[in-house]
Amino acid sequence: MTGLIERWRDWLPVSDATPVVSLQEGSTPLIQAPGLEKEIGGNRRVFLKYDGANPTASFKDRGMTLAMSKAMEEGCRGVICASTGNTSASAAAYAARAGVPCYVVLPAGNVATGKLAQAIAHGAVVVPIDGNFDDALRMVREAVAAKGLTLVNSVNPYRIEGQKTVALEIIEELGAPPDAHFLPVGNAGNITAAWRGYCEWAQKCDQDNGSRRPQMFGFQAAGAAPIVHGHAVEKPETIATAIRIGNPASWTGATNALAESNGAIAAVTDDEILAAYRHLAAREGVFCEPASAASAAGLLQQARNGTLAVKEGATIVCTLTGHGLKDPDTAVAGVAIPDPIPVDLDTLLARMEAE
Ligand code: F0G
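Predicted, not measured: the structure shown is a model, and the values here were computed from it.

Peer 1: Give a description of helix α12 (residues 270–284) that names residues and reports values.
Peer 2: Counted at 1.5 Å a residue, the expected span for α12 with its 15 residues is 21 Å, and the 20 Å between its end C-alpha atoms agrees. Turning to α12, its buried residues are Glu272, Ile273, Leu274, Ala276, Tyr277, His279, Leu280 and Glu284. A positive backbone phi angle near 75° is found at Gly285, which sits one or two residues after α12.

This is the structure we're talking about:
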């Protein structure tokens, strides 16, 4: 296995002088989802791009390998980021690998436990703030200037460059671009990046003059949907803490992707997110974190409302951005963990019958 810088070297701004910092990220599974296909009907094919299978269990590793490699090439002394959790976990791991310090600024009480555990395990300096992600991002931008650190949020252009590889992998696997690509949207870097990947592929490789590009569909949580509403949200709220963002840094990148691809952005409620989250785990066998399920929630919402914008027979990809184990608290909230039984076969069989 190679990491994504080796796999996609010709597409990325690297040279022989770039020290590659890699954990063999990318090349994640593209899993067909027969349950979703059945739900939406019309002979449409649905695939899940399971980016929770990256080394730190989220898509952030795609951008982080490049951001960290370029930072080291440029003589980096340490990295810093604001995060709803996954960026901090990824930054902490790649900084540990590169041997430089990592500082992460997080909204206190709104980061899923697994992500916090990762940042701590990888030795980052973790600073929770009494504010939200947008406050944290403002603060780290100022800290960068004061301390001479490298900012590894997706405002770092190398993050977007690395993340565009998701489109290249999907095209290679399907043999062509899909008709539509559904993604969750938070800070809006990932939808910007995926669209860039499709555009660059179309320019370089498409015989039909770059006309074969998917429609991009983004989904924000209803309580944190600034792009949907057309204005910043001061107090974003959602169970999908990864996308609890009120003023996305890559807002323009997202709106360009939506306009150029003839796509759309919509809001999904926390209930819709959780229903899709449960569907993916229980029917497709794919466990993702709540924010990731926003893509499938959007697809199911369109199908239910009769507003499915994707034609019959089309191929749809939903990005699942992070692994379900990132947020164990949501997974077990609202369910009773069963009481133990004695070590006794009859009791076991009775319990099995009762379920
Ligand atoms: N899904 C997950 C699991 C995420 O962690 C994020 C963003 C997104 C979707 C949205 O992607 O920001 O590129 O639109 N997480 C960032 C973080 C903000 O700090 O980990 P986006």
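So that's the structure; there's more coming.
Peer 1: Tell me about the sheet that holds strand β6 (residues 150–151), and name the residues and values.
Peer 2: On the basis of which strands lie adjacent, the open sheet formed by 4 strands has the order β5-β4-β3-β6 and parallel pairing. In the strand order of this sheet, the two ends are held by β5 (125–129) and β6, each with one partner. The pairing of strand β3 (residues 79–82) with strand β4 (residues 102–107) spans 4 bridges and is parallel. Across the sheet, residue Cys81 finds its bridge partner in β4, namely Val104.

Peer 1: Could you give me a rundown of the packing of helix α8 (residues 165–174) against helix α9 (residues 189–205), with the residues and numbers involved?
Peer 2: In contact at an axis separation of 6 Å, α8 and α9 are set at 55° when each is read in the N-to-C sense. In terms of their interaxial angle, α8 and α9 are classed as oblique. For the crossing formed where α8 meets α9, the hand is right-handed. Mapping the contact onto sequence places Val166, Ala167, Leu168, Ile170 and Ile171 in α8 and Ala194, Gly197, Tyr198 and Trp201 in α9. Class assignment for the residues of the contact of α8 with α9 results in 8 nonpolar, 1 polar and no charged.

Peer 1: Summarise the packing of aromatic side chains; cite the residues concerned and give the values.
Peer 2: Applying the stated criterion across every chain yields a total of 3 aromatic pairs. Judged by centre distance (5.6 Å) and plane angle (20°), the ring pair of Phe182 and Phe219 falls under stacked. Of this pair, Phe182 sits in strand β7 (residues 180–184) while Phe219 sits in strand β8 (residues 215–221), and the two are 37 residues apart along the sequence. No difference in accessibility class separates Phe182 from Phe219, as the two residues are buried. Here the aromatic rings of Tyr277 and Phe287 are separated by 6.1 Å at their centres, their planes lie at 50°, and the arrangement is tilted. With Tyr277 in helix α12 and Phe287 in the loop between α12 and α13 (294–305), this pair connects stretches of sequence that are 10 residues apart. Linked through ring pairs, Phe182, Phe217 and Phe219 together constitute an aromatic cluster. Note that Lys204 overlies the ring of Trp11, its terminal NZ or CZ placed 4.0 Å from the centroid.

Reading the values: the criteria
- Here the residue numbering is sequential within each chain, running from 1 through the sequence in written order.
- Residue-level local features of this predicted model are given only where pLDDT is at least 70; pairs of side-chain atoms are given and counted only at 80 or more, and the full residue set underlies all totals for whole chains, interfaces and linings.
- To obtain the side-chain values, all non-hydrogen atoms of the structure were used and water was disregarded.
- Only runs of H or I of at least four residues qualify as helices and only runs of E of at least two qualify as strands under DSSP, and these elements are numbered from the N terminus.
- To estimate the expected span of a helix, count its residues, drop one, and scale the result by 1.5 Å.
- Categorising residues by exposure relies on relative accessible area from a 1.4 Å probe, with only protein chains included: less than 20% of the type maximum marks a residue as buried, more than 50% marks it as exposed, and the intermediate range marks it as partly exposed.
- At least two bridges found by DSSP between two strands are what make those strands a pair.
- For every element, the axis is a line fit to its C-alpha atoms; helices are fit only across the contacting stretch, and the angle between N-to-C directions ranges from 0 to 180 degrees.
- If an angle is under 35 degrees, it is roughly parallel; if it is over 145, roughly antiparallel; if it lies from 65 to 115, roughly perpendicular; otherwise it is oblique.
- Each crossing gets its handedness from the near helix: less than a right angle anticlockwise from the far helix is left-handed, clockwise is right-handed.
- In this description, contact between two residues means that some pair of their heavy atoms is separated by no more than 4.5 Å.
- Note that Gly is not counted as nonpolar here; it falls among the polar residues with everything else outside the nonpolar set of Ala, Val, Leu, Ile, Met, Phe, Trp, Tyr, Cys and Pro and the charged set of Asp, Glu, Lys and Arg.
- Two rings belonging to Phe, Tyr or Trp (six-membered ring only in the last case) form a pair when the distance between their centres is within 6.5 Å. Interplanar angles under 30 degrees mark stacking, angles over 60 mark edge-to-face geometry, and anything in between is tilted.
- Only when the NZ atom of a Lys or the CZ atom of an Arg is both within 6 Å of the ring centre and within 35 degrees of the ring normal do we say a charge sits over the ring.

Interpretation note: all reported values are geometric properties and have no functional meaning in isolation.
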